[in-house]
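# Residue-level structure breakdown
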Amino acid sequence: MKRRDVLKGAGLAAAGSSLGLAACSQPADSPSAQARIEPARADQPVLNWKMVTAWPSGFPGLGSGATELAALITRASGGRINVRVYGAGELVPAFEVFDAVSRGTAELGHCAAYYWSGKSAAAPFFCAVPFGLSAMEMNAWLYYGGGLELWRELYAGFNLVPFPAGNTGAQMAGWFKREINSVADLAGLKMRIPGLGGEVMGRVGATPVNMPGGELFSALQSGAIDATEWVGPYNDLAFGLHRVAKYCYYPGWQEPGPTLECMLHKPAFEALPDDLKAVVEASCRAVNDSMLAEYTSRNRAAFETLQREHGVEFRPLPNDVLQALRAATEEVLAETAARDPFAAKVYASVRGFRANARRWSEVSEQPYLQTRGEWA
Ligand code: CA
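A quick note: this is a predicted structure, and the numbers were derived from the prediction, not measured. (Residues numbered from 1 in each chain as written. Predicted model: local features only at pLDDT ≥ 70, side-chain atom pairs only at ≥ 80, totals over all residues. Heavy atoms only, no water.)

Leftover empty space is mapped by rolling, across the atoms, a probe with the size of a water molecule. Considering all chains together, one arrives at three cavities of 30 Å³ or more under this definition. Volume-wise, the largest cavity comes out at about 120 Å³. As for the largest cavity, its lining consists of 15 residues, of which Leu-62, Tyr-114, Gln-171, Val-231 and Glu-255 are closest to the centre. In terms of lining, the second largest cavity is formed by Tyr-114, Ala-128, Pro-130, Ile-193, Pro-194, Gly-195, Leu-196, Gly-197, Gln-254 and Glu-255. (1 Å grid on protein atoms, 1.4 Å probe; cavity = no way out; pocket = protein on both sides within 12 Å on 5 of 7 lines; lining within 4 Å. Points joined across faces, edges and corners; volume = space filled by probe spheres on them.)

Taken together, six strands build an open sheet; the order of strands is 7-6-8-5-9-11 and the sheet is mixed. On the outer flanks of this sheet lie strand 7 (207-209) and strand 11 (313-316), each paired with one strand and no other. Sheet topology note: the strand 6 (residues 190-192)/strand 7 ladder contains three bridges and is parallel. Note that in strand 7 the partner of Arg-192 across the bridge is Val-209. (Pairing = 2+ DSSP bridges. Helix = DSSP H or I, 4+ residues; strand = E, 2+ residues; numbered from the N terminus.)

The end-to-end C-alpha distance of helix 13 (residues 341-361) is 30 Å, a good match for the 30 Å that 21 residues give at a rise of 1.5 Å each. If you check which residues of helix 13 are buried, you get Phe-342, Ala-343, Val-346, Tyr-347, Ser-349, Val-350, Ala-357 and Ser-361. Along the axis of helix 13, the buried positions cluster into a sector of 160°, meaning they face one direction only. (Expected span 1.5 Å × (residues − 1). Buried < 20%, exposed > 50% of the residue type's maximum accessible area, 1.4 Å probe, protein only. Arc of directions from axis to C-beta.)

Our next topic: the packing of aromatic side chains. Scanning the entire structure with this criterion turns up 21 aromatic pairs. Ring geometry for Phe-176 and Tyr-249: centres 5.4 Å apart, planes at 90°, overall edge-to-face. On the criterion of sequence distance, the pair formed by Phe-176 in strand 5 (residues 174-176) and Tyr-249 in strand 9 (residues 247-250) is long-range, its members being 73 residues apart. Considered together, Phe-176 and Tyr-249 belong to a single accessibility category, that of buried residues. Relative to Phe-239, the ring of Trp-230 has its centre 5.4 Å away and its plane inclined at 25°; by these criteria the two rings are stacked. In this structure, Trp-230 and Phe-239 share a single accessibility class: buried. (Phe/Tyr/Trp six-rings, centres within 6.5 Å; stacked < 30°, edge-to-face > 60°.)

The predicted coordinates ought not to be read in detail in places where the model reports low pLDDT. In this model, the chain carries an average pLDDT of 90, and 89% of its residues clear a pLDDT of 70 or more. A low-confidence stretch, residues 1-35 stays under pLDDT 50, and its non-local contacts, those more than four residues away or across chains, total 23 contacts. (pLDDT = per-residue confidence, 0-100. Contact = heavy atoms within 4.5 Å.)

Once that is clear, we can look at the layout of surface pockets. Its volume calculated, the largest pocket comes out at about 1700 Å³. Lining the largest pocket are 40 residues, and of these Ser-134, Ala-135, Ala-170, Pro-256 and Leu-369 sit closest to its centre. Contributions of two or more residues to the lining of the largest pocket are made by helix 5 (135-144), helix 11 (274-308), helix 12 (319-339), helix 13 and helix 14 (365-371). For the lining of the largest pocket, the residue count by class is 19 nonpolar, twelve polar and nine charged. (Nonpolar A, V, L, I, M, F, W, Y, C, P; charged D, E, K, R; others polar.)

Let us look at the pairing of strand 10 (residues 259-265). Most of strand 10 is tucked away: seven of the seven residues are buried. Neither face of strand 10 is exposed, since Thr-259, Glu-261, Met-263 and His-265 on one face and Leu-260, Cys-262 and Leu-264 on the opposite face are all buried. Here strand 3 (residues 108-111) pairs with strand 10 via four bridges, running antiparallel. Bridge pairing in strand 10 links Leu-108 to Leu-264. Bridge count between strand 4 (residues 160-167) and strand 10: six bridges; the pairing is antiparallel. Looking at strand 10, one finds that Asn-167 is bridged to Thr-259.

This part takes up the sheet that holds strand 2 (residues 81-86). Pairing is mixed in the open sheet, where five strands are placed in the order 2-1-3-10-4. Among the strands making up the open sheet, the edge pair consists of strand 2 and strand 4. With strand direction ignored, the average angle separating the axes of adjacent strands in the sheet is 25°. Relative to strand 4, helix 5 is tilted by about 155°, and along the sheet it contacts strand 4 and strand 10. Along the sheet, helix 11 contacts strand 2, strand 3, strand 4 and strand 10; its crossing angle with strand 4, the most-contacted strand, is approximately 30°. (Axes fitted to C-alpha atoms, helices over the stretch in contact; angles between N-to-C directions.)

Below, the discussion takes up the pattern of salt bridges. In this structure the tally under the stated criterion is 13 salt bridges. The residue Lys-345 makes a salt bridge to Glu-153 at a minimum N-O spacing of 3.0 Å. Highlighted residues: Lys-345 in helix 13 and Glu-153 in helix 6 (residues 147-156), separated in sequence by 192 residues. The exposure class of Lys-345 is partly exposed, given its relative accessible area of 41%. A salt bridge links Glu-229 to Arg-192; its shortest N-O distance comes to 2.6 Å. Placement of the pair is Glu-229 in the loop between strand 8 (227-228) and helix 9 (233-239) and Arg-192 in strand 6, with a sequence separation of 37 residues. (Salt bridge = Lys/Arg side-chain N within 4 Å of Asp/Glu carboxyl O.)

On to the coordination of the calcium ion. Ligation of the calcium ion by protein atoms is provided by Gln-171 (OE1), Glu-229 (OE), Glu-229 (OE), Trp-230 (O) and Glu-255 (OE), these donors lying 2.2 to 2.7 Å from the ion. Taken in sequence order, the residues that donate to the calcium ion follow the motif Q-x57-E-W-x24-E. You can see Glu-229 sitting in the loop between strand 8 and helix 9 and its partner Glu-255 sitting in the loop between strand 9 and strand 10, a full 26 residues away along the chain. With a relative accessible area of 0%, Glu-229 lands in the buried category. Taking the relative accessible area as the measure of exposure, Glu-255 reaches 3% and is therefore buried. (Donors = N, O, S within 2.8 Å, 3.2 Å for Na, K, Ca; no water.)

What follows is the structure, encoded as structure tokens:
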């Protein structure tokens, strides 16, 4: 037996006994035995990588998605890449993730591209554009519509390699202390809403502010803000936003299907052998998919809880409000494209994709969802 095989066999037996499994219940070469976690092989160097995130450690959905991704890379690489996750503020603050991974302080970052509009006006297009693409369409644009190539081109200039690595699905317009019956009700409204959505809100008379998620409850309670958007029922219920604001409005026009990102320090990614590059890429793709499934399931359950147990009233934003927001969005996007050539290129790509996607959706998803009805 080669030395490597001896080590591999010993590792499997140890893993089996620590998990309380009968190590000899399957032949060592059966597919399921092969699939068990193996320690890094002695002839392969172990890379101890840091993943910094924009989320509090273990935060439901976003933080747990980062943890899942780190564990998946570690397991799928057989321990050759050993990833340790640092929540926001543990190694670097949330809004310094981009710089930390860019300079190689950490090899990986899990966050959202719309936090980086200060680095490039094009960055938010890779997370969420108001009245833009749904979660399914974001994936279609990124993987099959040229989006990911543009994203890689942009981030290469910052020594980064980006991968889609999560999606919350359609968000809510947010929590409001007062009813919104017309555009006039937005005048002077202090609302926490980041990114392009915040710029749009500013155009229709509101005062947008940004603050980390952890401060939303007390800011709403104290009256420092009148309204906030966050994510949707699953995360919003956890923060207790329903206890300090009576009305939850939909739809989440500002974030119809935001993509989260995993960014890698480019030299670290490029130094990987091909099989480990594939491990990183496939792990990001798996988490991109599983986070959306998790949000879809947990939002559905929390939506029910908020209505039945907490009497929350979910309301649609009035049409004139949505029309004003849509018109302001077009202004903001046109101005963003006018001041940044790369943003113009990305906007043209999203715009073209969205036009076809909208027409296709009108004869596929949209009429189906409208027509499927109740099951008795
Ligand atoms: Ca949001």
